[in-house]
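# Survey of secondary and tertiary structure
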Amino acid sequence: MTLPSGLLRTSLTVLVAGAAGAALDRLGVPLGWLLGAMLTMIAAAFLRLPAEQPRPLVPWVKASVGTLLGASVTPSIVTGAAQWWPSVLCMFIVIVLGGLINFQLLSRVARFSKVEATLCSMPGGITEMILLGEQAGADQRRVAVVHTLRIALSILTIPILATLIFGITIDRAGAPEHAPMTLADWGWFAACILAGVLADRHTRVPAPLILVPLVLCAALHLSGLTAFVVPGAVSTLIQLVIGMNVGARFLGLSLRSLAAMAGAACSVVAVQISLAVAASLLMSGWIGADRLSLMLAYAPGGLAEMSLIAIAMGREVAFVGLHHVLRVLLSLGASSPLVRRASR
């Protein structure tokens with residue numbers, strides 16, 4: 001009995017990506033599993049290798065990230081959330097200021113159309129930005145590449161910036177030991193994931209794969225029905241699939257087309273990350289919050305990716321996750337009217 005060619009390609013790709021992730025993790029590279037998988041897919045894209053990500057798993061894994069976020073919500077975090085409003089306000093300022101700067105750079109220097117410049121300046125979800133661009137007649141590939149590079153470069157640079165700017169050494173000693181998950185805990189975990197996938201298919205809730213499991217899992221933990229902590233092996237699998245998903249967006253992209261847009265994408269990321277670092281330094285002195293947590297909260301990466309980095313770095317995941325949920329909601333809410341205005 002022979003395996004279907006697609007399944008064989010996917011299996012081999014997962015094995016190679018897993019080997020790369022394990023190697024980087026063994027070498028002590030922060031987020032080694034995620035980075036190894038992402039770089040494997042990028043290399044396969046440019047070497048024209050027949051790589052294939054486990055596409056059916058991606059929605060379920062993204063919903064798992066939301067569940068991880070929800071499991072980190074405690075009563076003390078809910079009580080302290082009211083004190084986070086200065087940081088949330090600062091994040092909104094960072095988004096608006098970065099959007100204005102990048103719009104001018106993309107429209108005047110990179111010669112993007114006003115619609116494309118608007119979509120590429122907003123740090124929203126890739127899928128949502130592409131769909132808005134399709135409706136407005138923008139170049140979907142250009143929008144997709146800029147946002148893919150935004151996330152990929154954020155993943156690559158944040159661990160470096162944490163060391164160079166903040167002098168923070170990533171603790172790789174591992175997460176503290178927790179009680180094993182019971183059968184009931186696994187049932188609640190699966191229910192939260194299933195709720196996210198169903199919401200993604202049948203509702204119009206923004207970022208449903210993350211937001212719905214997050215809210216449901218947080219409610220379960222706050223109510224005392226469960227107090228599970230997801231094992232490290234599950235977190236490793238999530239990193240692997242998310243890394244492959246980010247890198248897979250480069251498949252089918254030629255070096256020539258990437259080079260034509262790389263400069264614009266890098267300028268967008270440079271502006272957004274510079275503002276994130278500056279804002280984190282400013283706010284840490286004002287509200288006394290951890291600088292790395294603030295930088296992760298303001299960084300232009302994706303919701304799932306930045307949440308995973310916060311988990312891997314031992315930062316307050318609920319703090320980082322809340323900021324990114326609000327960032328996605330703001331970006332999605334502002335993008336539609338701004339695109340309509342740009343189209344006219």
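Computed from a predicted structure; not experimentally measured. (Residues numbered from 1 in each chain as written. Predicted model: local features only at pLDDT ≥ 70, side-chain atom pairs only at ≥ 80, totals over all residues. Heavy atoms only, no water.)

## Side note on the nonpolar core
Among the nonpolar cores identified, the biggest contains 100 residues, and Ile155 and Tyr298 are the most heavily contacted of them. Ignoring anything within four residues of it in the chain, the contact list for Tyr298 reads Ser87, Cys90, Met91, Ala276, Ala279, Ser280, Met283 and His323. Membership of the second largest hydrophobic core comes to eight residues, among which are Ala17, Ala51, Leu240 and Met244. (Core = buried A, V, L, I, M, F, W, Y, C linked by side-chain atoms within 4.5 Å. Buried < 20%, exposed > 50% of the residue type's maximum accessible area, 1.4 Å probe, protein only. Contact = heavy atoms within 4.5 Å.)

## Structural notes on the confidence of the model for the chain
The share of residues in the chain with pLDDT of 70 or more is 92%, and the mean pLDDT across the chain is 82. Element-level mean pLDDT values for the chain span from 69 in helix H4 (residues 75–81) up to 93 in helix H9 (residues 183–202). (pLDDT = per-residue confidence, 0-100. Helix = DSSP H or I, 4+ residues; strand = E, 2+ residues; numbered from the N terminus.)

## Regarding the packing of aromatic side chains
Counting across every chain of the model gives four aromatic pairs. Each ring, one from Phe46 and one from Phe250, has its centre 6.2 Å from the other, and the planes form 70°; the classification is edge-to-face. Of this pair, Phe46 sits in helix H2 (residues 32–46) while Phe250 sits in the loop between helix H11 (232–248) and helix H12 (255–287); the two residues are 204 residues apart in sequence, bridging distant segments of the chain. Look at Trp84 and Phe319: their rings are 5.1 Å apart centre to centre, the planes differ by 90°, and that puts the pair in the edge-to-face class. Taken as a pair, Trp84 in the loop between H4 and helix H5 (85–109) and Phe319 in helix H15 (residues 317–343) lie far apart in primary sequence, 235 residues in all. Of the two residues examined, Trp84 and Phe319, each falls in the buried class. Among the aromatic residues, those joined into a ring-pair cluster are Trp186, Phe189 and Phe228. (Phe/Tyr/Trp six-rings, centres within 6.5 Å; stacked < 30°, edge-to-face > 60°.)

## A few points about empty space enclosed by the protein
All told, the structure shown has one cavity of 30 Å³ or more when counted by the stated rule. Counted as a void, the largest cavity has a volume near 110 Å³. What lines the largest cavity is a set of 13 residues, among which Val94, Ile95, Pro123, Gln272 and Tyr298 lie closest to the centre. Contributing elements (two or more residues each) for the lining of the largest cavity: H5 and H12. (1 Å grid on protein atoms, 1.4 Å probe; cavity = no way out; pocket = protein on both sides within 12 Å on 5 of 7 lines; lining within 4 Å. Points joined across faces, edges and corners; volume = space filled by probe spheres on them.)

## As for the environment of Ile151
Looking at the element boundaries, Ile151 is found in helix H8 (residues 140–164). It is 9.6 Å that separates the C-alpha atoms of Ile151 and Leu303, two residues lying 152 residues apart in sequence. Residues in contact with Ile151, not counting those within four places in the same chain, are Ile126, Val246, Gly301, Gly302 and Glu305.

## Some points on the packing of helix H3 (residues 58–71) against H11
Each pair of packed helices can be summarised by the angle the axes make with each other and by the distance between the axes. Interhelical geometry of H3 versus H11 gives an angle of 130° and a closest axis separation of 10 Å. The pairing of H3 with H11 is recorded here as oblique in orientation. In this structure, H3 meets H11 at a crossing whose hand is left-handed. For the pair H3 and H11, the contacting residues are Val58, Val61, Lys62, Ser64, Val65 and Leu68 in the first and Ser235, Ile238, Val241, Ile242 and Asn245 in the second. Of the residues belonging to the contact of H3 with H11, the class tally is seven nonpolar, three polar and one charged. (Axes fitted to C-alpha atoms, helices over the stretch in contact; angles between N-to-C directions. Parallel < 35°, antiparallel > 145°, perpendicular 65-115°, else oblique. Left-handed = near helix turned anticlockwise from the far one by under 90°. Nonpolar A, V, L, I, M, F, W, Y, C, P; charged D, E, K, R; others polar.)

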